[in-house]
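So you can see what is in the structure, the chains are spelled out below.
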Amino acid sequence: MPIQTNPDLQWWKKTTVYQVYPRSFKDSTGNGIGDILGIISKLDYLQDLGVETIWFSPFFSSPQADHGYDVSDFRSISPEYGTIADCDKLIENIHNRGMYVVFDMVLNHTSNQHPWFLESKSSRNNPKRDWYIWRDGQKFGGKKPPNNWKAMVGGSGWHYDELTDQWYWAQFLPFQPDLNYRNPKVKQEMFDTIRFWLDKGVDGFRLDIINTIYEDEALRNNPFTWRLFPSEEDDKSFFQNKIHTMNHPDNFTFIKELRNVLDEYTDPERFLVGEITASLELLKRYCGDNVDGTKTNGLHLTFQFQSLNTKFNASTFRNIIESYEQYFTEPYIPTWVFSNHDQMRRISKLGNNIDKAKLNTTLQLTARGVPFIYYGEEIGMANHRLPLKNAEDPIGQKYSRIPQFLVNLLTRSGSLSLNRDNCRTPMQWDPSLNAGFCSEELKPWLPVSPCYQTINVHSEESDSNSILNCYKTLLKLRKETPALHSGSLNLLPPFLFGGILSFQRVYNEQVVQIWLNFSTKPTRTSEIGENPRVLFSTVAGCNPLKDTLLHLEPYQGVVLELFS
Ligand code: GLC
């Protein structure tokens, strides 16, 4: 029997993370917008679900033009979400449950309403001028942007300011000007902000578009490329290869400095997870060097968005696991993410098929890596296709003039989401009007998805076969089974007729096998190893083990423990 000799893993490598989009989780104040006290009222639910860490999309002060990703004060809370006292209470209540808290830190930019930017734009001589990236324009009396750089969302990332006759750089939308990290005061201030929240007990940070911190100082033009849309591996887009605006070499030094700030805090250890669209090779570079076989000196984790649009079949997942195991061996560790507040929900990419979603989840919660679950994913919440013309989402608003048929065509594959409202609709708590998100007479900030009468927490809690109960059972199993949260992973040989993916997790003497049938056909496996015992099955009510063979129904997933 192979022996796993790794020492006990750090807590953040074993954890499971649940993402709350505060605006859409639970309204407690009666304005149709979710808030912190609403979240606190649902902590029992999250604890019972079995997730261990909660990541909150930003609820810092903000004009909400990008619903919190446009911050106007990093150390206070937006009034619609609550107060700093509510926030302290949230942290305390989570810790009292033995759970962890992750905040979302938008280091790259601020809101254009942030007092720093208001000062910065007020005159060329203002002391805060150099907190942002201002440059003269080209030709025609400076009325042409300083260079060809495009924003991540398309169009020039330079925006002209008439008062001071200069241009400022914004990697995302025009109301999100980039901070200038070449100014040491900016870096100091933002590192101190991180310390401010660490002192309050925050256990980690999700770092928003962290690969865009630095740009080329000499402002060299980005070269041309034929690519129109970015992929999960590559951010070339809008006919531009973003070599001077993304993944700048200085980012890697910055990340190490930031890591040092985190390492000032040891009890418990805190962690960083970076939002970066890049190849596995580059993602690993962001994680830093292997220091001593147990830790790295960069980001603790990065999202591997490779999984977002994975085709639902055994061979594609097999390839993904193979490449994760190649790049992210200890002390590196991959993450498993299928949905978030910017993407179409995974279940809708699977045709809203609950059996497929359960199989997908079985993979997510049993493969080696840190799983990230997006609110509502655990009940099978579907994407709600909302018209672009009413978009609350600023990306949706930007593209609102595109005719609907073209939108449908562009978003058909699911890899592109033009209206992020679709995946941000209110959490579905029960079958009442407004799904228990807010009271019935109110208009929630986004319409509740019409599937709420059947897909909701209340109805699914009492249905032993629901996807919610599938999550609960798996999360509990993962927590209680060292091989699942800490074990090594090796793929079992591919099955003759495809369709089945199987792998083994091993920790000391414990051996756990995961068998996933991605096909529409019932399948029988060859001989399973010694003395198998079923720990979990996505299909209730029948024993998949017939002697030492495993009989798998279409889309069935099974977890077995082997005893020698
Ligand atoms: C990230 C966030 C997204 C936000 C953008 C700008 O991609 O996930 O929601 O709009 O950054 O901050």
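To be clear, the structure that these remarks concern was listed above.
A brief structural summary. As the structure is a computational prediction, the values presented were derived from the model and not from experiment.

1. Brief notes about the nonpolar core
If you look at the biggest cluster of nonpolar residues, it comprises 124 residues, and the most contacted ones within it are Tyr18, Leu46, Phe103 and Leu107. With seven residues, the top contributor of residues to this core is helix 15 (residues 467-480). If we skip the residues at most four places from it in the chain, Leu107 touches Leu179, Tyr181, Met190, Ile194, Leu207, Ile210, Ile213, Phe254 and Leu258. Val102, Phe271, Ile333 and Phe372 belong to the second largest nonpolar core, which has 15 residues in total.

2. Concerning the site of the ligand
If you check the shell around the ligand, you find 13 residues, and the closest are Asp66, Asp208, Glu275, His341 and Asp342. A distance of 2.7 Å separates an oxygen atom of the ligand from a polar atom in the side chain of Asp208. Between Arg420 and the ligand, the recorded distance is 3.0 Å, taken from a side-chain N or O atom to an oxygen atom. Here the ligand loses 97% of its free accessible area of 310 Å² to cover by the protein chains. For the shell around the ligand, a count of residues per class yields three nonpolar, three polar and seven charged.

3. Some points on the sheet that holds strand 13 (residues 370-374)
Here we have eight strands laid out as an open sheet, ordered 11-10-9-5-2-1-13-12, and parallel in their pairing. The sheet is open, and its two borders are formed by strand 11 (301-302) and strand 12 (335-337), each paired with just one other strand. In the sheet, strand 9 (residues 204-207) pairs with strand 10 (residues 271-274) via four bridges, with the strands oriented parallel. The residue bridging Gly204 from the neighbouring strand is Phe271, located in strand 10. Taken strand by strand, helix 4 (residues 84-96) contacts strand 2 (53-56) and strand 5 (100-105), and its axis lies near 140° from that of strand 5.

4. Focus: the side chain of Ser307
Locating Ser307 in the fold gives a position in the loop between strand 11 and helix 9 (314-327). By relative accessible area, which is 0% here, Ser307 ends up buried. In terms of polar contacts, Ser307 uses its side chain to reach the backbone carbonyl oxygen of Gln304, at 3.2 Å. Those residues within four positions of Ser307 in sequence are excluded, and the remaining contacts are Ile320, Tyr324, Trp336, Val337, Phe338 and Arg346.

What counts, and at which threshold
- Residues numbered from 1 in each chain as written.
- Predicted model: local features only at pLDDT ≥ 70, side-chain atom pairs only at ≥ 80, totals over all residues.
- Heavy atoms only, no water.
- Core = buried A, V, L, I, M, F, W, Y, C linked by side-chain atoms within 4.5 Å.
- Buried < 20%, exposed > 50% of the residue type's maximum accessible area, 1.4 Å probe, protein only.
- Helix = DSSP H or I, 4+ residues; strand = E, 2+ residues; numbered from the N terminus.
- Contact = heavy atoms within 4.5 Å.
- Near = heavy atom within 4 Å.
- Polar contact = N/O pair within 3.5 Å; in protein donor to acceptor, adjacent residues only side chain to side chain.
- Areas by Shrake-Rupley, 256 points an atom, 1.4 Å probe, with all protein chains shown as cover.
- Nonpolar A, V, L, I, M, F, W, Y, C, P; charged D, E, K, R; others polar.
- Pairing = 2+ DSSP bridges.
- Axes fitted to C-alpha atoms, helices over the stretch in contact; angles between N-to-C directions.

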